[in-house]
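Per-entry structural report
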Amino acid sequence: YDEVLQAKDKKAAITPDEKIALADSMEAHILRAVAINPNYGAAWQMLPGVSFARFDAQRERQQKSGGAGPQMDRLFNDFNEAIDKAPNNTEIKRFTVSYVEYLATSGGNPNKIIAFCYNQGYERYYKKMGDAQTALKFLEAAVRTQNEDERLFNALAEIYQKTGNAAKAQEMLQRAAV
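Residues numbered from 1 in each chain as written. Predicted model: local features only at pLDDT ≥ 70, side-chain atom pairs only at ≥ 80, totals over all residues. Heavy atoms only, no water.

1. Thoughts on the overall build of the protein
In terms of helices and strands, the protein carries nine helices and zero strands. Listing each helix as α and each strand as β along the protein from the N terminus yields α-α-α-α-α-α-α-α-α. In terms of overall dimensions, the protein has C-alpha extents of about 55 × 40 × 25 Å along its principal axes. Per-residue burial for the protein yields a buried fraction of 40% across its 178 residues. If you take every contact in the protein between residues at least 6 apart in sequence, the share linking residues at least 24 apart comes to 58%. With the model as given, the accessible surface of the protein reaches about 9,700 Å², and the carbon-plus-sulfur share is 48%. Taking the average place of the 23 positive charges on the side chains of the protein and the average place of its 23 negative ones, the gap between the two points comes to 2 Å. (Helix = DSSP H or I, 4+ residues; strand = E, 2+ residues; numbered from the N terminus. Buried < 20%, exposed > 50% of the residue type's maximum accessible area, 1.4 Å probe, protein only. Contact = heavy atoms within 4.5 Å. Areas by Shrake-Rupley, 256 points an atom, 1.4 Å probe, with all protein chains shown as cover. Lys, Arg positive; Asp, Glu negative; His and termini not counted. Charge placed at Lys NZ, Arg CZ, Asp CG, Glu CD.)

In structure tokens, the structure reads:
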């Protein structure tokens, strides 16, 4: 972090590889902290942000040099790990949904985004935890990929129906049938 501030003070640009190295270093410290105290909620809150910073730097590096692409699987594994440890943490849910919305509208792999959002939204939050509102946030983020996915629309229809929004449920069923 100090390196980032020093670089900004010098008006120097930080390369994508330097950003990746910083994210890796931050992640190592976070993982060390949770190894010491597995219930360290603030550390779990930081993990998705650091993971996304790495992913974004990998994407930037690929755009500049054509190198290896960003590791979306690793990103979603980190998101999943943080959610596993603190599924009711409002900030983790909010950050993760925001990052997924960004990916959905900026060229992320739609199939991976939909699979992650379905697993988190429908399977975890709706089916296991009974949290329809969080489920809807994840599933609605996946809709932003503009990818027509029958399973996604059926899940949304079920939750909308359960929450009393019959019109939206019908809309999703119509989209699922296409």
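2. Remarks on unusual backbone geometry
The residue Gln146 is not glycine, and still its phi comes out positive at about 65°. As for its placement among the helices and strands, Gln146 is situated in the loop between helix 7 (132-143) and helix 8 (150-162).

3. Points about the pattern of salt bridges
On inspection of all chains with the given rule, the structure shows 16 salt bridges. The residue Arg74 makes a salt bridge to Glu27 at a minimum N-O spacing of 2.7 Å. In this pair, Arg74 sits in helix 4 (residues 72-85) while Glu27 sits in helix 2 (residues 16-36), placing the two residues 47 residues apart along the sequence. Looking at Arg74, the relative accessible area reads 30%, which means it is partly exposed. Each member of the salt-bridge network shares a partner with another, and the members are Asp24, Glu27, Arg54, Arg74 and Asp78. (Salt bridge = Lys/Arg side-chain N within 4 Å of Asp/Glu carboxyl O.)

4. Here we look at the packing of helix 6 (residues 110-128) against helix 8
The geometry of helix 6 relative to helix 8 is characterised by a closest axis approach of 11 Å and an angle of 30° between their N-to-C directions. As summarised for this structure, helix 6 and helix 8 are arranged roughly parallel, according to the angle between their axes. Here the hand of the crossing between helix 6 and helix 8 comes out left-handed. Residue-level contacts link Ile114, Ala115, Tyr118, Tyr122, Tyr126 and Lys127 of helix 6 to Arg151, Leu152, Ala155, Glu158, Ile159 and Lys162 of helix 8. For the contact of helix 6 with helix 8, the class distribution of residues is eight nonpolar, no polar and four charged. (Axes fitted to C-alpha atoms, helices over the stretch in contact; angles between N-to-C directions. Parallel < 35°, antiparallel > 145°, perpendicular 65-115°, else oblique. Left-handed = near helix turned anticlockwise from the far one by under 90°. Nonpolar A, V, L, I, M, F, W, Y, C, P; charged D, E, K, R; others polar.)

5. Examining the side chain of Asp78
For Asp78, the location among the structural elements is in helix 4. Residue classification places Asp78 among the buried positions, given a relative accessible area of 8%. Side chain to side chain, Asp78 and Ser51 meet in a polar contact 2.8 Å long. If we ignore the near neighbours within four places in the chain, the residues touching Asp78 are Glu27, Leu47, Ser51 and Arg54. (Polar contact = N/O pair within 3.5 Å; in protein donor to acceptor, adjacent residues only side chain to side chain.)

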